[in-house]
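Per-entry structural report
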Amino acid sequence: NNQLCYDKNGNKFTKYIFLNEIKNLELNLDDYRSWFKNQFRIIVHRNINIPKKYKKKFKGKLIVNLIDKSSCEFSATVRVHGDVKDHIKMIDGQIYSSLNVRLNTGNLESIIKFILLLPETRNNENEVFASILLKELGFITPRTKFLNLKFNGQKNKFIFQEKITKEL
């Protein structure tokens, strides 16, 4: 399945996207204000667990910037990921959280569902190392790598991990 992409001059073309071609991701939500309010409610909620009522889905656009300076745009649905509040943090008034992403159009190396994890929730580099090691040992593992994400203007490093689905 090829994606509709644009080269650095704005020309349209179709492309199959490999994970190793991705430079970074950009995510823009249609209703960022509601997203922020929802995130803030999770932070001030007194329980350490993230209640199900705050795992609302939000529509947006995911832009995949490739190493060759071209980019591809997808319609996506996003929600907060995780059961415990270690998946959400506030730094200098900015809220960061692990994200559960579903591509409504297109795919990244046949992946349509993936998680963008705050690195500290998975012991940073250890998650990426462990998945590579297990794959080398012949185990079926979700594709995992570090990616930078610009989310409504905020830049942060995340662990990209394929969701364990039948496509895996």
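These notes cover the structure that comes with them. Keep in mind it's a predicted model, so treat the numbers as computed, not measured.

Overview of the packing of aromatic side chains
- What the rule picks out here adds up to six aromatic pairs.
- Pairing Trp 35 with Phe 151 gives two aromatic rings, centres 5.6 Å apart and planes at 80°, and the pair type is edge-to-face. Note that Trp 35 is positioned in helix α1 (residues 32–44) and Phe 151 in strand β10 (residues 144–151), a separation of 116 residues in sequence. Here Trp 35 matches Phe 151 in class, with each residue buried.
- Through pairs of rings, three or more aromatic residues link up here, namely Tyr 32, Trp 35, Phe 36, Phe 58 and Phe 151.
- Against the face of Phe 146 rests Lys 157, its NZ or CZ located 4.3 Å from the ring centre.

Remarks on the pattern of salt bridges
- Tallied over the entire structure, the rule returns five salt bridges.
- Residues Glu 21 and Lys 15 are paired through a salt bridge, measuring 3.1 Å at the closest nitrogen-oxygen approach.
- On the basis of relative accessible area, Glu 21 is assigned to the partly exposed category, the value being 21%.
- Residue Arg 143 is joined to Glu 162 by a salt bridge in which the shortest nitrogen-to-oxygen separation is 3.0 Å. Placement of Arg 143 in the loop between α2 (125–136) and β10 and of Glu 162 in strand β11 (residues 154–162) is noted, with a sequence separation of 19 residues between them.
- Relative accessible area serves as the criterion here: at 23%, Arg 143 is assigned to the partly exposed category.
- A single network of salt bridges, built from pairs that share partners, joins Glu 109, Arg 143 and Glu 162.

Definitions and cut-offs
- Residues numbered from 1 in each chain as written.
- Predicted model: local features only at pLDDT ≥ 70, side-chain atom pairs only at ≥ 80, totals over all residues.
- Heavy atoms only, no water.
- Phe/Tyr/Trp six-rings, centres within 6.5 Å; stacked < 30°, edge-to-face > 60°.
- Helix = DSSP H or I, 4+ residues; strand = E, 2+ residues; numbered from the N terminus.
- Buried < 20%, exposed > 50% of the residue type's maximum accessible area, 1.4 Å probe, protein only.
- Lys NZ or Arg CZ within 6 Å of the ring centre and 35° of its normal.
- Salt bridge = Lys/Arg side-chain N within 4 Å of Asp/Glu carboxyl O.

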